[in-house]
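This is what each chain is made of:
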Amino acid sequence: MPYTSFVDVLIILECDGQILLAQREGTGYADGQWNLPSGKLEEGEDMIAAIIREAREEIAIEVDREDLEMVTAVHCRNPEGQARVGFFLRARRWRGEPRNAEPHKCSQIAWFPTNALPDNTVPYTHAGVELYLRDERFGLQGWPHPVVSVVAGQ
């Protein structure tokens, strides 16, 4: 049987040394924890279209394709053994002021220093942000093997 996994897209908005996070609520997954604005790929949708849609739906901003840069990817496995692959894209520019556009899924959004994410950040998100800050293009999180990463330009 072929391997299957969720494919997630996560957007990194960084401003003045801070990164935007959303506190999950009412979703049944990681409720109460901080996460990057994100979502799963939908049928027939490419990664860039997905992150543009998620940015609009979750935080009410507009991002153009040419303003997105894929900065890292994480292959993660949660304690229950469910796997997912996340592609972390940084928005170089965006239009609009981020706001909580999905209060039924998110209790609040807030900016945090990039080097001091909250303790209750989703481990998957934390791993991706750490890789991004170290300019590493890929990492593993939650697998029994050591973390593997690829540094940009190598």
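Refer to the preceding data block for the structure.
Residues numbered from 1 in each chain as written. Predicted model: local features only at pLDDT ≥ 70, side-chain atom pairs only at ≥ 80, totals over all residues. Heavy atoms only, no water.

Draft legend 1. Local environment of the sheet that holds strand S1 (residues 6–12). Spatially, S5-S1-S7-S6-S9 is the arrangement adopted by the five strands of the open sheet, whose pairing is mixed. Of all strands in the sheet, those bounded by a partner on one side alone are strand S5 (38–40) and strand S9 (138–141). Neighbour-to-neighbour, the strand axes of this sheet turn through a mean angle of 25 degrees, independent of strand direction. Bridge count between strand S6 (residues 68–77) and strand S7 (residues 83–91): nine bridges; the pairing is antiparallel. Residue pairing in the sheet places Thr72 in a bridge with Phe88 of S7. Lying on the sheet, helix H1 (residues 47–59) is in contact with S1, S5, S6 and S7; it crosses S1 at an angle near 60 degrees. Sitting on the sheet, helix H2 (residues 123–133) is in contact with S1, S6, S7 and S9, with an inclination near 135 degrees to S6. (Pairing = 2+ DSSP bridges. Helix = DSSP H or I, 4+ residues; strand = E, 2+ residues; numbered from the N terminus. Axes fitted to C-alpha atoms, helices over the stretch in contact; angles between N-to-C directions. Contact = heavy atoms within 4.5 Å.)

Draft legend 2. Just unusual backbone geometry, in detail. Positioned with a positive phi, Asp16 is a non-glycine residue whose angle comes to about 50 degrees. With respect to the helices and strands, Asp16 occurs in the loop between strand S2 (14–15) and strand S3 (18–24). When its relative accessible area of 77% is taken as the criterion, Asp16 is described as exposed. We note that Ala30 has phi near 55 degrees; this positive angle belongs to a residue other than glycine. Along the chain, Ala30 turns up in the loop between S3 and strand S4 (34–35). (Buried < 20%, exposed > 50% of the residue type's maximum accessible area, 1.4 Å probe, protein only.)

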